[in-house]
Structures are given as structure tokens and as C-alpha cells.
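Residues per chain are reported as follows:
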Amino acid sequence: QVQPVESGGGLVEAGGSLRLSCVVSGRTSNSYQMGWFRQAPGKEREFVAAITWSTGRTTYADSVKGRFTISRDNAKNTVNLQMDSLKPEDTAVYYCASRSMYLSRYDYWGQGTQVTVSS
């Protein structure tokens, strides 16, 4: 089992910044890649960004490129999402998830943290 736990959400004005963190515990050796996803009210969950533990290779959704930065601290089993130039449409519950090397889907999810961007 891998347990991701998110923190760092909150309320911010448009144009502001927030930093989300995800601490991963449990059988972390089973975790190959970490992803951030978000779900806004009435919408489906969508991919935001991902990073691999070993190489640090990153991928981003087009909607956040240039504004969000994902990073990892292997020593602390932590993945961060720095969110700058926030927009009201970034308002959502943000989830951290872990993917095994042997799966094409994310199999362990955190509980989520609310991010609200006011206009």
C-alpha cells in the first residue's frame, strides 16, 4: 500500500500563488510516478501534472503549462506543486496520486485538498 497525503490548499486571489505538498508513506518503493489531478464542481477529474521519482521527468496539462511547477524530494518522499498566476478556473479539489511502474493507471489516491481562487 502507498498512502499519499496532500496539504497546502486554501483561498487565494486571482494572480496569486499556492504550494501544494504530497507526502507519500507506506511501500514507497512501489511508487514509480506521482501525479496531481483536480476536480471542479460538476466536472470530471482532470490531469494536472506528473513526475517520476527516479528521473524527475515531468509532464503538464496544457492549461497549467508555464504557471504550475511539479517537483519532488526523494529523501522526504514528497511531491510539490507550485501554482503561480492562479485563475478562478483553477478552483478545484486537488488530488495527489501514485502510479506503479507496472500499471497504466494511478492506483493510490489521497483525500484531496481544496483550492479556491477568487476573482
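See the structure above.
Residues numbered from 1 in each chain as written. Predicted model: local features only at pLDDT ≥ 70, side-chain atom pairs only at ≥ 80, totals over all residues. Heavy atoms only, no water.

### Description of the pairing of strand β7 (residues 68–73)
Put simply, the rule is: Only when DSSP finds a minimum of two bridges between them are two strands counted as paired. Under the scheme used here, helices are H or I runs from DSSP no shorter than 4 residues and strands are E runs no shorter than 2 residues, and both carry numbers assigned from the N terminus.
With six bridges connecting them, β7 and strand β8 (residues 78–83) associate as antiparallel partners. Each bridged residue has a counterpart across the sheet, and for Ile70 the counterpart in β8 is Leu81. Hairpin connection of β7 to β8: four residues between the antiparallel strands, including Asn77 at a positive phi of 50°.

### Focus: the packing of aromatic side chains
This is how it is decided: A pair of aromatic rings is counted whenever rings of Phe, Tyr or Trp (Trp by its six-membered ring) have centres within 6.5 Å, and the orientation is called stacked for planes under 30 degrees apart, edge-to-face for over 60 and tilted otherwise. Whether a residue is buried, partly exposed or exposed follows from its accessible area with a 1.4 Å probe, protein chains only, as a fraction of its type maximum: under 20%, in between, or over 50%, in that order.
Taken as a whole, this structure holds four aromatic pairs when the rule is applied. With a centroid separation of 5.7 Å and 75° between ring planes, the pair formed by Phe37 and Phe47 is classed as edge-to-face. Remark: Phe47 occurs in strand β5 (residues 46–52) and Phe37 occurs in strand β4 (residues 33–39); sequence separation between them is ten residues. Assessed through its relative accessible area of 10%, Phe37 is described here as buried.

### Here's the deal with the pattern of salt bridges
Stated precisely, the cut-off is as follows: In the sections that follow, a salt bridge refers to a side-chain nitrogen of Lys or Arg positioned within 4 Å of a carboxyl oxygen of Asp or Glu.
If you walk through the whole model with that rule in mind, you get four salt bridges. Ionic pairing is found between Arg38 and Glu46, a salt bridge with its closest N-O pair at 2.6 Å. A residue is classified by how much of its surface remains accessible, and Arg38, at 6% relative accessible area, is buried. We classify Glu46 as partly exposed; its relative accessible area is 35%. For Asp90, the salt bridge goes to Arg67, with nearest N and O atoms at 2.7 Å.

### Looking at the sheet that holds strand β1 (residues 2–7)
Keep this limit in mind: Simply put, an axis is a line fit to the C-alpha atoms, just over the touching stretch for a helix, and the angle between two N-to-C directions goes from 0 to 180 degrees.
Pairing is antiparallel across the open sheet formed by four strands, whose spatial order is β1-β3-β8-β7. Looking along the sheet, the strands with just one partner apiece sit at the ends: β1 and β7. For this sheet, the mean inter-axis angle between neighbouring strands, taken without regard to orientation, is 20°.

### Description of the state of the cysteines
Just so we agree on the cut-off: Cysteine sulfur atoms are paired as a disulfide whenever they come within 2.5 Å of each other.
Applying the stated rule across the entire model yields one disulfide. The partner cysteine of Cys22 in its disulfide is Cys96, sulfur to sulfur 2.0 Å. With the S-S dihedral at roughly -80°, the linkage between Cys22 and Cys96 falls on the left-handed side. Placement of the pair is Cys22 in strand β3 (residues 18–26) and Cys96 in strand β9 (residues 92–99), with a sequence separation of 74 residues. A single burial state applies to Cys22 and to Cys96, both of which are buried.

### A look at the environment of Asn74
Here is the rule we go by: Pairing of N or O atoms within 3.5 Å defines a polar contact, subject to two protein rules: one partner must be a possible hydrogen donor and the other a possible acceptor, and residues neighboring in sequence count only if both atoms are side-chain atoms.
Its place among the elements puts Asn74 in the loop between β7 and β8. Under the relative-accessibility criterion, Asn74 is labelled partly exposed at 38%. Between the alpha carbons of Asn74 and Arg105 there is a distance of 21 Å; along the sequence they are 31 residues apart. Within the local environment of Asn74, its side chain forms a polar contact with the backbone oxygen of Trp53, the two atoms lying 2.9 Å apart.

### Points about the nonpolar core
Test applied: We define a nonpolar core as any set of buried Ala, Val, Leu, Ile, Met, Phe, Trp, Tyr and Cys residues linked to one another through side-chain atoms lying within 4.5 Å. Only heavy atoms enter the contact rule, under which two residues are in contact if any of them lie within 4.5 Å.
Counting residues in hydrophobic clusters, the biggest one holds 26 residues, and the most contacted among them are Met34, Trp36, Val48, Phe68, Leu81, Met83 and Tyr94. Taken together, the elements giving at least two residues each to this core come down to β3, β4, β5, β7, β8, β9 and β11 (113–118). At four residues, β3 tops the list of elements feeding residues into this core. Ignoring sequence-local partners within four residues, the contact set of Met83 consists of Gly16, Ser17, Leu18, Leu20, Arg67, Phe68, Tyr94 and Val115.

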